[in-house]
Amino acid sequence: MSFWLRLGRLCLDSLCVPIAAPFRHASLIRMLVQREIAARTSGTLLGKLWPLVQPGLQVLGFWFMFAVVYDMRNARGPSFLQYLLLGMLPWLCLSEVLSRSTGLFREFSVLFARSPFPLEVLPSVVVVIPGIVYSTVLVLTTGWMLGVVAALKAVLVIPLLLLWALPLLLLCAVIGLFVRDFGQALPFVLTLLMYVTPILYFPDMLPPQVRDWMWLNPLADWMTVIHGLLTGTAFPMNSVWRLAALWLVLLVPGWLLYRRTLLHVRELL
Amino acid sequence: MADTIITLAGVSKSYRSYAHDFDRVLEILTGKARHQSFHALEPLSLTVSKGEVIGVVGKNGAGKSTLLKLLAGTLQSSTGSLSINGRVSAILELGASFHPEMSGHDNVYLTCAIQGLTRRETDAAYDAIVAFAGIPDFMQRPVKTYSSGMLMRLAFSIATHVNPDILIIDEALSVGDGVFARRSFDRIMEFRKAGKTIFFCSHSLYQVEALCDRVLWLDQGRIREQGTPARVITAYSEFLQQQSAVVAPPEAAELATSTPSVASVNPGVPRVLGVAVRVDGRLAKVHTIQSCRNLVEVEIRFRAPANLPMPSVGVIILGGDGRFIASAGTVNDGVTLHTGADQNGSVTLQLPDFPLLKGCYSLEVYLLCERGLHVYEKVRQVAELNVEQKSLELGIVNLPHQWLPH
């Protein structure tokens, strides 16, 4: 088989296999998600509402801090809270998914070590709950702040972000399996990344010399895209192309390493 | 072939060994092998037709479990292609796919989902699974609180209720206690009758020969022989006997230390109440007898609950090295046993003019199902027979014979 044919097949697999997994194993994924929700919420009064209540309370906390306490409306205009939440909620979702993916294989090793558990479903299992929860909260928040049309657009944000993050998720799972320190370090790295990404501040608050280098941070591109999409300002096509290019560059290596790791993971764990 | 259900083409399995942990990472990154391989299964090609019952025999480490795990999907082959047309259910390591923190109920749904069943299909099968496992009161408890017997029951019940096309069984014909063992055996026989494909791995050559249509003999990761059970089992038995000349077989070692006590007491299943061995009417545990002169009688008393078919009885004579010398069974001889109103019965095997030549022999007694396949109870070393002979015949048995001088 020629190199290009193999590469083409690899590209197709890297996209199709992880995306097809939720459809092929819908019953199993539903079971695992229900189990996780039950494990998190059993014995609580609010029960299955908790996964939604937690980010909802976070939104209220941000509102209280930035709209009431600091009264950022006066300092930066009425749109600061809106700016913060539209960027922060997708960020929290991404951060949760990536942090958890570092322990992906170890977390589920009980299930697959001695059974024909389909390992390709694991990426789907870790994105389902954050995906549903943060999508719901983002749509409600956007609807509350920007109206129905923006809320409908917000439905797309988290699924697209998670699809874009798929290669990162796969890479984090592989690295986390072999380098256990990675799982400990990643939350701090993500926190630092949040500070260098214009989530808690407007991009124009950065010094001009720093702003010129922002294109190196793909998450800054994501913030620009999200705000452009939801607030109806000029849509940043440059950011879209950069994100798409990075995704394509990472997708094949991410999938290749993940697939090779699957051959080892049962022996290793 | 239209009815081919399993095709293995050059399938092999090697386990990797790395000098340093980092070599594994480098191998994944570069795609270049940096490991040493231990070949558990050499390239193997095999075609299995729908409805075939395949027995797998071989010594420990021959690759039997590796082959079954490859078929079950818990291992991935190192080379070759494996094609399976149907749902596979395996009883390899009981409870292997259970999550210890989850309840029995949730583990049923989880295991069924792993097997590819939809929620609706699992809903339909759930009651039957629980009823067969016989642990309805425990289904809401985490399986980490289950006894090993309960885990076995639930795992077996799930494996056989997911409507598999192929059932893989590794040494699991006697699952749990006596009552459940009998039910699990019947369940497997139902699969056989329904024309399901079965892979059956066991050290019990008797059961393999009785159950299977074809037998694979694996040795050092290769198929050494395959074919009809009679041919392969005979060849394998001879191989084991040759091996036993060098190293005593486990059975022989076990025999030397076992006691003629009743192995277990399960009131719901047939059980041996006692065995008496008489030589010319004299009862003892150790007999010294004269070859071709004495009458040896083995009386077996048993209890058979009325709710189960009448059991059968088998007696095996073993040589001093643990080798099977001769056997007799009521099923083979067409003898039907009877019990009284108290569900107790007895049968006596008579061996007139005991024809074995000099040597030390022991007796084992088996209480079996009505088909003579499932063992309810085995009583080892019920008596020791030290045979002496005055004449000079050679060998182990004096065959009935006559000379016709012309």
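Residues numbered from 1 in each chain as written. Chains lettered and ligands numbered in written order. Predicted model: local features only at pLDDT ≥ 70, side-chain atom pairs only at ≥ 80, totals over all residues. Heavy atoms only, no water.

J.: Quick one: what's the story with the overall build of chain A, residue by residue and with numbers?
T.: A tally of regular secondary structure across chain A gives 13 helices and zero strands. When the helices and strands of chain A are placed in sequence order, the string is α-α-α-α-α-α-α-α-α-α-α-α-α. In terms of overall dimensions, chain A is globule-like: its C-alpha atoms have a radius of gyration of 20 Å, near the 18 Å expected for 269 residues. When the backbone C-alpha atoms are referred to their principal axes, chain A occupies close to 60 × 50 × 35 Å. Every one of the 269 residues in chain A was classed for burial, and the buried ones make up 48%. Summarising the internal contacts of chain A: among those between residues at least 6 apart in sequence, 75% fall at separations of at least 24. Accessible surface, chain A as shown: approximately 13300 Å² in total, 70% of it carbon and sulfur. (Helix = DSSP H or I, 4+ residues; strand = E, 2+ residues; numbered from the N terminus. Rg over C-alpha atoms; globule rule 2.2 N^0.38 Å. Buried < 20%, exposed > 50% of the residue type's maximum accessible area, 1.4 Å probe, protein only. Contact = heavy atoms within 4.5 Å. Areas by Shrake-Rupley, 256 points an atom, 1.4 Å probe, with all protein chains shown as cover.)

J.: Explain the nonpolar core to me, and be specific about the residues and the numbers.
T.: Formed by 103 residues in total, the largest nonpolar core has its most connected members in A:Trp91, A:Phe105, A:Phe117, A:Leu122, A:Tyr258 and B:Leu154. A per-element tally of this core places helix α9 (residues 148–178) of chain A first, with 15 residues. With sequence-adjacent residues up to four places away left out, A:Leu122 is seen in contact with A:Leu104, A:Phe105, A:Phe108, A:Phe112, A:Phe117 and A:Tyr258. B:Phe132, B:Phe156, B:Leu205 and B:Phe354 belong to the second-largest nonpolar core, a separate cluster that totals 57 residues. (Core = buried A, V, L, I, M, F, W, Y, C linked by side-chain atoms within 4.5 Å.)

J.: Which residues make up the packing of aromatic side chains, and what values go with them?
T.: Across all of its chains, the model carries twelve aromatic pairs over all chains by this definition. Centre to centre, the rings of A:Trp164 and A:Trp222 are 5.9 Å apart; their planes meet at 70°, and the pair counts as edge-to-face. Here A:Trp222 lies in helix α12 (residues 218–231) and A:Trp164 lies in helix α9, a separation of 58 residues in the sequence. Centroid distance B:Tyr236 to B:Phe239: 6.2 Å. Interplanar angle 25°. Geometry classified as stacked. Of this pair, B:Tyr236 and B:Phe239 both sit in helix α8 (residues 229–246), three residues apart, which is roughly one turn of that helix. Summarising the burial analysis for this pair, B:Tyr236 and B:Phe239 share the class buried. Cluster of aromatic residues (ring-pair linked, three or more members): A:Phe62, A:Phe66, A:Phe80, A:Tyr83 and A:Phe202. (Phe/Tyr/Trp six-rings, centres within 6.5 Å; stacked < 30°, edge-to-face > 60°.)

J.: Lay out helix α1 (residues 3–24) of chain A with the relevant residues and their values.
T.: All names here are of chain A. Given a rise of 1.5 Å per residue, 22 residues ought to cover 32 Å, and the 29 Å separating the end C-alpha atoms of α1 matches this to within 8%. Residue valine 17 marks the point of greatest curvature in α1, where the axis turns by about 30°; the proline proline 18 follows within four residues. Burial in α1 covers these residues: Leu10, Ser14, Pro18 and Ala21. Considering only its buried residues, α1 is in contact with α2 (26–41), α8 (122–146), α9 and α13 (237–268). (Expected span 1.5 Å × (residues − 1). Bend = angle between axes of the 7 residues up to and from the residue.)

J.: An account of the interface of chain A and chain B is needed here, citing residue identities and associated values.
T.: Each partner contributes residues to the interface: chain A has 24 residues there, and chain B has 31 residues. Together chain A and chain B conceal approximately 2500 Å² of surface at their shared face, both sides included; 62% is due to carbon and sulfur atoms. Our enumeration of links across chain A and chain B arrives at eight residue pairs in polar contact (both at pLDDT 80 or more). Those elements that place two or more of their residues in the side of chain A that touches chain B are α2, α7 (109–112) and α13 of chain A. The dominant element in the side of chain A that touches chain B, judged by the number of residues it contributes, is α13(A), at nine residues. Of the residues assigned to the side of chain A that touches chain B, the class counts are 13 nonpolar, five polar and six charged. (Buried area = accessible area lost by both parts, 1.4 Å probe. Polar contact = N/O pair within 3.5 Å; in protein donor to acceptor, adjacent residues only side chain to side chain. Nonpolar A, V, L, I, M, F, W, Y, C, P; charged D, E, K, R; others polar.)

J.: Got a sec to walk through the sheet that holds strand β15 (residues 324–329) of chain B? Specific residues and values, please.
T.: Residues and elements named next belong to chain B. In spatial order, the strands read β12-β18-β17-β14-β15; together these five strands make up an open sheet with mixed pairing. In this open sheet, the two edge strands, each paired with only one partner strand, are β12 (286–290) and β15. Taking the axes of each pair of neighbouring strands and ignoring which way they run, one obtains an average angle of 25° across the sheet. Relative to strand β18 (residues 375–388), strand β17 (residues 359–368) runs antiparallel, the two being bridged by nine bridges. Counterpart to leucine 363 in the pairing with β18 is alanine 383. (Pairing = 2+ DSSP bridges. Axes fitted to C-alpha atoms, helices over the stretch in contact; angles between N-to-C directions.)

J.: Tell me about the domain arrangement of chain B, and please be specific about residues and values.
T.: Residues and elements named next belong to chain B. Parsing chain B into structural domains produces domain 1 (4–246) and domain 2 (256–388). The partner domain 2 presents 14 residues to the 15 residues of domain 1 that form the contact. Of all residues in domain 1, Arg182, Phe185 and Tyr206 bury the most surface against domain 2, accounting for 45% of the area lost on that side. Where domain 1 touches domain 2, the interface holds two salt bridges. The salt bridge involving aspartate 186 is made with arginine 371; its shortest N-O contact spans 3.8 Å. There are four residue pairs in polar contact (both at pLDDT 80 or more) connecting domain 1 and domain 2. Contributing elements (two or more residues each) for the side of domain 1 that touches domain 2: α6 (178–193) and α7 (205–211). At seven residues, the largest contribution of residues to the side of domain 1 that touches domain 2 is made by α6. (Domains from an automatic or database assignment. Salt bridge = Lys/Arg side-chain N within 4 Å of Asp/Glu carboxyl O.)

J.: Outline the side chain of A:Thr261, listing residues and values.
T.: Note on placement: A:Thr261 falls in helix α13. Given a relative accessible area of 0%, A:Thr261 falls into the buried group. Sequence-distant contacts of A:Thr261, defined by excluding residues within four places in its chain, comprise A:Phe105, A:Val174, A:Leu177, A:Phe178 and B:Ile28.

J.: Which residues make up α8(A), and what values go with them?
T.: All names here are of chain A. Its 25 residues place the ends of α8 35 Å apart at the C-alpha level, agreeing with the 36 Å of an ideal helix rising 1.5 Å per residue. The axis of α8 is deflected most strongly, by about 30°, at valine 128, and proline proline 130 appears within four residues downstream. Downstream of α8 by one or two residues, glycine 147 has phi in the positive range, about 100°.

J.: With reference to specific residues and values, describe the pattern of salt bridges.
T.: All names here are of chain B. For the coordinates displayed, the defined rule picks out 19 salt bridges over all chains. Residue aspartate 186 is joined to arginine 182 by a salt bridge in which the shortest nitrogen-to-oxygen separation is 3.1 Å. Placement of both aspartate 186 and arginine 182 in helix α6 is noted, with a separation of four residues, approximately one turn of the helix. On the basis of relative accessibility, which here comes to 21%, the residue aspartate 186 falls in the partly exposed class. As a salt-bridge pair, glutamate 190 and arginine 187 come within 3.2 Å of each other at their nearest N and O atoms. Taken together, the residues glutamate 190 and arginine 187, both in helix α6 and three residues apart, mark about one turn of the helix. Overall, the relative accessible area of 44% leaves glutamate 190 in the partly exposed class.

J.: I'd like to hear about the environment of B:Ala9, residue by residue, with values.
T.: Residues and elements named next belong to chain B. Within the element layout of this structure, alanine 9 appears in strand β1 (residues 4–17). Accessibility expressed as a relative area gives 36% for alanine 9, which makes it partly exposed. Between the C-alpha atoms of alanine 9 and leucine 44, which are 35 residues apart in sequence, the distance is 6.5 Å.

J.: A description of the confidence of the model for chain B should follow, citing residues and the corresponding values.
T.: Per-residue pLDDT for chain B has a mean of 85; in total, 91% of the residues score no lower than 70. Here residues 247–264 of chain B is modelled with pLDDT under 50, and outside its nearest four sequence neighbours on either side it reaches 22 contacts, counting other chains as well. (pLDDT = per-residue confidence, 0-100.)

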